[in-house]
Amino acid sequence: MCTVGGPVDIDIPPDRVQGKDYRCNECGERFKGIGKKPICPSCQSDDVAMA
Amino acid sequence: MNYALDDELLLIRGKQSFLLVAKVKSRFGLCIETCEDEYCQGVETGDLVVVSAPEGGAVEPALMLIDLVRTFHIPLLVLPKNHPGSRRVSYVVSVGPEIFTSCSIQRGTHPDQHLICSSGELSGVTMTGKNGGVDISPMHHDFKVQHIKFEVKTEFS
């Protein structure tokens, strides 16, 4: 059992979460997407491509 | 065990802590802000929004937190490791199709959305959006499960 607010028992390296670079084909927004179905954070379009 | 879940929320209580589970109503891009970068996660209808209160407390802030994310699409903030404010974060949230509770991570510091900080008594629980509801596994007999209806009404005068 962990102690709430206590030391971290598992150290997960920050580079574990690696977003892929995407560009929205509708509004041109560039963003780092994670997950299987990236969605543009600006216009909510799923018409995006890896940049 | 599968629990039917529509617009309402599912409260899972341990003796001293709780989890609150809701389904995403419509797809959206969830922004996750870390000190170094911004990530955008595609969230689908039926995915889960889970709030964990490792020390317990009032349920209402958790209801509001879920609504901020699933209705108003407020970005999630991730604290850097060893941030002094981490100990004051009494409610944490995760969003995804499947979420696993762990008592071995520091609250508010974990950007991986499949993990959420919990108390020891609720650690090791997997919640999966499935069959129009949510699968909770394992479901211990001393967990108390309740459905909650929650609605924000605003009257301007």
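The shown structure was predicted, so the numbers you read here are calculated from the model rather than taken from an experiment.

About the thresholds
- Residues numbered from 1 in each chain as written.
- Chains lettered and ligands numbered in written order.
- Predicted model: local features only at pLDDT ≥ 70, side-chain atom pairs only at ≥ 80, totals over all residues.
- Heavy atoms only, no water.
- Helix = DSSP H or I, 4+ residues; strand = E, 2+ residues; numbered from the N terminus.
- Buried < 20%, exposed > 50% of the residue type's maximum accessible area, 1.4 Å probe, protein only.
- Contact = heavy atoms within 4.5 Å.
- Areas by Shrake-Rupley, 256 points an atom, 1.4 Å probe, with all protein chains shown as cover.
- Pairing = 2+ DSSP bridges.
- Axes fitted to C-alpha atoms, helices over the stretch in contact; angles between N-to-C directions.
- Salt bridge = Lys/Arg side-chain N within 4 Å of Asp/Glu carboxyl O.

### Considering the overall build of chain A
If you tally the helices and strands in chain A, you get zero helices and three strands. The linear arrangement of helices and strands in chain A, starting from the amino end, is β-β-β. The buried share of chain A, taken over its 51 residues, is 27%. Taking all contacts inside chain A whose residues are at least 6 apart in sequence as the whole, residues at least 24 apart take part in 23%. When the accessible surface of chain A is summed, it comes to about 3,500 Å², and 47% of that surface belongs to carbon and sulfur atoms.

### Observations regarding unusual backbone geometry
For residues besides glycine, phi is generally negative; the peptide bonds are generally trans as well. In this structure, B:Pro138 follows B:Ser137 across a cis peptide bond, with omega equal to -10°. By the element assignment, B:Pro138 lies in the loop between strand S12 (133-137) and strand S13 (144-148). Residue A:Gln44 is not a glycine yet carries a positive backbone phi of 65°. Counting through the fold element by element, A:Gln44 comes out in the loop between strand S2 (30-34) and strand S3 (48-50). Although it is not a glycine, B:Asn131 adopts a positive phi angle of roughly 50°.

### Some thoughts on the sheet that holds strand S10 (residues 115-117) of chain B
Residues and elements named next belong to chain B. Pairing is mixed across the open sheet formed by five strands, whose spatial order is S1-S12-S11-S9-S10. Each edge of the open sheet carries a strand with a single partner, namely strand S1 (2-4) and S10. On average, adjacent strands in this sheet sit at an angle of 25° to one another, irrespective of strand direction. The pairing of S1 with S12 spans three bridges and is classified as antiparallel. By the bridge assignment, Asn2 is partnered in S12 with Asp135.

### Here we look at the pattern of salt bridges
Counting across every chain of the model gives four salt bridges over all chains. Ionic pairing is found between A:Asp46 and B:Arg27, a salt bridge with its closest N-O pair at 3.6 Å. One end of the pair, A:Asp46, is in the loop between S2 and S3; the other, B:Arg27, is in the loop between strand S3 (18-23) and strand S4 (28-33), on a second chain. By relative accessible area, A:Asp46 is classed as exposed at 53%. Put simply, B:Lys130 and B:Asp135 hold a salt bridge, and the shortest N to O gap is 3.5 Å. On the accessibility criterion, B:Asp135 (19% relative accessible area) is buried. A network of salt bridges, in which partner residues are shared, links A:Asp21, A:Lys32 and B:Asp37.

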